[in-house]
Amino acid sequence: MPHDRPPLELHGTPDGAALALRRGTVPGRIERVDVLDGPAVVSTTTFTPPVDGAAADADLRLTPWRRRPAAPTVVVHYRRHQPESRVPAPSARSSFRLDPDQIGDRPMTQATPDGTAADTQGPDLISAFFDFGTSRAVCGVFDLRRVTSSEAALPATGVERAKGLLPVQLFGAGNSTDPVREIESRTVGIPRVRGAAWREIFATAPLDVHHLSHTEPRSSDLVVTGDSVDFAGDATGARVRGVKRHLADLDTVVPGTVFQGRELFPRIYRRFAEVVAAELELPRAIGSLSVTFPTKLPPDKREDLLKILRPLADKVEMHIDEAVAAAGFSMMKRFGADFLLGVEAFTLHSRCPEGPRAWESPEDWAEARAWHENLLVLDLGGGTFDCALIKVVVVDATPAAAGRSSGRFYKLQPQVLASGGRLNVGGDRLTAELFTLLRGKFDILPGDTRFRGVEQAAPRRELFHALWEAAEAVKRQGLGSSAPKAVRVTVPTPDGSAPLPGDVTFVWPADTDGLTPVRPTTTEVTVTADELADRVRDLVAEVVWLAGGIARGGLEVTQGTGESVDRVLLSGGSMHSAVLRRGIEDALRRRFESDLLAPTFEVEFDAEFAKTGTAVGGVYLEAVADLSPDADDAEIVPELLRGISYLDVDASRLHVNLAADFHLRLTPREVDPVPLFRRGQPLEPEPGGHARAEGLATYSMRAVFAVYRLDVAMAELSPSDDALWATTLMHREEADQLAAVGVHARFEINEEERLTLLLCKGDPGWQLEGPLVEAVDEHDGLVMPPERDGEPARLRYTLRRDVYQVGVGFREREPLAFAGDPVPPGGLLLHVPSRRITLYWEVPDAEVPDPEYAEPVEQDARRTYGTLAHVPQGQVWVSLDETGGLRFHRKRPERRKKTRFMDLIDADPGWVFEEEMKSGLTYDESKDPFSGTF
């Protein structure tokens, strides 16, 4: 969204109409304009050639003009500028309502938690989202001090622009203390002017409107002096680079320092908080911190880091990963400053739940209450690559009591369909290859730049960093344009000529008592365009291999609706390379074609926020979620009826679907081709924001349980891909003893992708406590007793959550349990977040039970439905014991657990042993150019 977007003006004339669009109101080439009066079309005008509305003001003549609309809506059809793409952008639409009563309230203008205006100057009302990258450290800041409960608290820049737009007589002399009342009272009977004024106010820069900013990006290179840690640029001294890679193992000493990771990272983040507070002129450090991690970092590694960071502030959290945060920044810009107009513009070119867009299936789209786009985020930083396919969903959650009010209550529900990442893949990999190339061209021996564990290592370290800086400069200059270009590198000499413009200077370190390697005889080399292209090609191939696999696997979740990726978001500092961006786009379109996916996606890249957008997007999502009211709040309906719109962020769906496949290793050389859990598999949400899924397959006992997490399908794995995710070990003799008495293994996974190993004797049982439910009487009982000793009881009927009647027939959800399912000794536990439990009888012959509460249907004669019990509010679990006793639970009951796995030998069936598996991803030092061994 442009920072200086002027208004839209519509003027009727006797022979037509004129539409004035100031530069940037529509970010693309305008092909058609429709003017609507409610649902009726007043005018449709096509422009050939298209009019560029992004680069200059557009004065458009609309014909024909049937009548002056009473409630006009202007719909502009355009194609975005895509200078980074080689294919035309698909058609997009923007919708503008000109009735000022349809304009919503300013977003995120809420009261502080205690209901008072936030005028404190302290840091308690400021939250920060820290993104400590491999090359730069950035921070997104949300300033709650600027959020007040007063409707007069409008963005000052927007008010000034509104004053400049309106005729002078509409404003009194001097600055108004209440611009809201001023504008409303002085524009009575002039809706066009009032609407233009409000759009000016709402169209301020997104960061300003949403109380967001980012602090000055800092190099993540460190300077360690004694016990203190600072950032290069804020302090001078020997640089320590690439420390983010050591998040995978906090117990090792980070090269170039005397600290283990668990000692170093608290110092880094504490210093980061201090410099951010100093930049904001706060009296003390920020009290609310959120941090980001590489997607590939396992959950227990994240938890280890959070434990050591939590003493730094009152609240230290991590809920939103980097790829989702980048998507949040994209959505903030697209929604703009006005939620009502922004969401409508989003829905006009988004998909309805069935998959088609408005122009593909108008009837399905018009009946929808939810719309979505599939956004593929490629976040390529200095040392890590993160990729995620995100289904960005906007739901109209307006309460029924508000009817079709002019104000709407929307929910933004980003959902991760698939994700993955790579450590040691990023811009530094290109630099490392250019480093090796330059080292060879200058005839520098490999050992001359290796300083790990070498006596008198300082000169070698200086040479390494000097050559690394030269390789970085070659990368920036050679790959910054649309095609690779040759770069000359020169070593200055006392009697040499001055370097030419465009040359990269390789400054040879000063000789220290003969410890620095002998200066090269060659003082000038050239890195050719072909050599640069060769280095880019391999990185592009790996990025696209992973991104293509994630896209295809994630879209399988859409269950054959024919969807594809709608938008590709390129993020991260390394994406500043135009050569890299173009290579990724071209290769990704080819990959999509080979996978039978539509290669028509739009490309989005914001050079200004390529790195900082992640931090800003993360803090935006968190701030909107924190401040948005509940749709069920009694005060919301009157606000909606007044025309105020709200946007809430529902982050609970970020982990509801698994983002990868998980496979069990069967032998040292064989991995089970059938996943334990597969990408797209839904997790059952539970109270408190948690979710989990239990695998139903059982596995024989073994001494080593190792699980692999695969970002792409197993057939696409490269031989060198290390996907080990979680392990559990025991002695072989113990495993054999457990197997001899019938113990087997199952697995459970939660929203953080933590795996729990369940060793079971029979089916897992539950500790079922609490009063029985008074259900509708069922004459024969819900459970059939065992026919023979040693057999389990069995469920007599099929159970469902709800059965909805829709016209003739019924819409049936997937059953909770089927008739004939065994009821284990510890009982049967079902997840049931619904209004009622419905019985479903199905018998093999025409003899159908006919209880008085049954609901006969004109369907198969063997089917009858009946309500068994209504589910109490807030209780999401139902259990059924061996005798047919029914109970509801607010929390999932505890399993019948043993504290030691060997206790299962003498246990009755139904008992289990649980153990959370240890994540096994290790740090590969050989891929780290800053380890001193490169």
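An account of the accompanying structure is given in this report. (Residues numbered from 1 in each chain as written. Predicted model: local features only at pLDDT ≥ 70, side-chain atom pairs only at ≥ 80, totals over all residues. Heavy atoms only, no water.)

### Details of the pattern of salt bridges
Part 1 of the reasoning: Scanning the model with the defined rule gives 48 salt bridges in all.
Part 2 of the reasoning: Notably, a salt bridge pairs Asp534 with Arg537, separated by 2.7 Å at the nearest N-O pair. Taken together, the residues Asp534 and Arg537, both in helix α12 (residues 529-555) and three residues apart, mark about one turn of the helix.
Part 3 of the reasoning: For Asp534, a relative accessible area of 36% translates into the label partly exposed.
Part 4 of the reasoning: For Arg537, a relative accessible area of 49% gives the class partly exposed. (Salt bridge = Lys/Arg side-chain N within 4 Å of Asp/Glu carboxyl O. Helix = DSSP H or I, 4+ residues; strand = E, 2+ residues; numbered from the N terminus. Buried < 20%, exposed > 50% of the residue type's maximum accessible area, 1.4 Å probe, protein only.)

### Focus: empty space enclosed by the protein
Part 1 of the reasoning: Overall, the coordinates contain six cavities of 30 Å³ or more when judged by the stated rule.
Part 2 of the reasoning: Approximately 100 Å³ is the volume attributed to the largest cavity.
Part 3 of the reasoning: Along its surface, the largest cavity is lined by 13 residues, and Phe329, Leu569, Ser571, Asp606 and Phe609 are the ones closest to its centre.
Part 4 of the reasoning: Every element with two or more residues in the lining of the largest cavity is listed here: α7 (322-335), β23 (567-571) and α14 (612-627).
Part 5 of the reasoning: Sort the elements by how many residues they give to the lining of the largest cavity and α7 lands first, with four residues. (1 Å grid on protein atoms, 1.4 Å probe; cavity = no way out; pocket = protein on both sides within 12 Å on 5 of 7 lines; lining within 4 Å. Points joined across faces, edges and corners; volume = space filled by probe spheres on them.)

### Brief notes about the side chain of Lys244
Part 1 of the reasoning: Tracing the sequence through the fold places Lys244 in the loop between β14 (239-240) and α5 (261-279).
Part 2 of the reasoning: Looking at Lys244, its side chain comes within polar contact range of the side chain of Glu322, at 3.4 Å.
Part 3 of the reasoning: The residues touching Lys244, leaving out its near neighbours within four places in the chain, are Phe132, Gly133, Thr134, Phe265, Pro294, Glu322 and Thr384. (Polar contact = N/O pair within 3.5 Å; in protein donor to acceptor, adjacent residues only side chain to side chain. Contact = heavy atoms within 4.5 Å.)

### Looking at the sheet that holds strand β33 (residues 755-761)
Part 1 of the reasoning: Read across the open sheet, the five strands follow the order β28-β29-β32-β33-β46; overall the sheet is antiparallel. Taken across any chain shown, the strands that pair with only one partner, and hence form the sheet edges, are β28 (684-685) and β46 (912-916).
Part 2 of the reasoning: In this structure, β33 lies alongside β46, joined through five bridges in antiparallel fashion. In the strand pairing of β46, Leu758 is matched with Glu914. (Pairing = 2+ DSSP bridges.)

### Here we look at the layout of surface pockets
Part 1 of the reasoning: Each pocket or cavity is described by its volume, and for the largest pocket that value is around 1500 Å³.
Part 2 of the reasoning: Contributing to the lining of the largest pocket are 40 residues, with Glu684, Glu694, Leu696, Leu816 and Leu829 lying nearest its centre.
Part 3 of the reasoning: Broken down by secondary-structure element, the contributors of at least two residues to the lining of the largest pocket are β28, β29 (691-694), β32 (743-750) and β40 (828-831).
Part 4 of the reasoning: For the lining of the largest pocket, the element with the highest residue contribution is β40, accounting for four residues.
Part 5 of the reasoning: Grouping the constituent residues of the lining of the largest pocket by class yields 24 nonpolar, four polar and twelve charged.
Part 6 of the reasoning: Both domains that meet at the lining of the largest pocket, namely domain 2 (657-749 + 917-927) and domain 3 (772-846 + 862-894), each give it at least three residues. (Nonpolar A, V, L, I, M, F, W, Y, C, P; charged D, E, K, R; others polar. Domains from an automatic or database assignment.)

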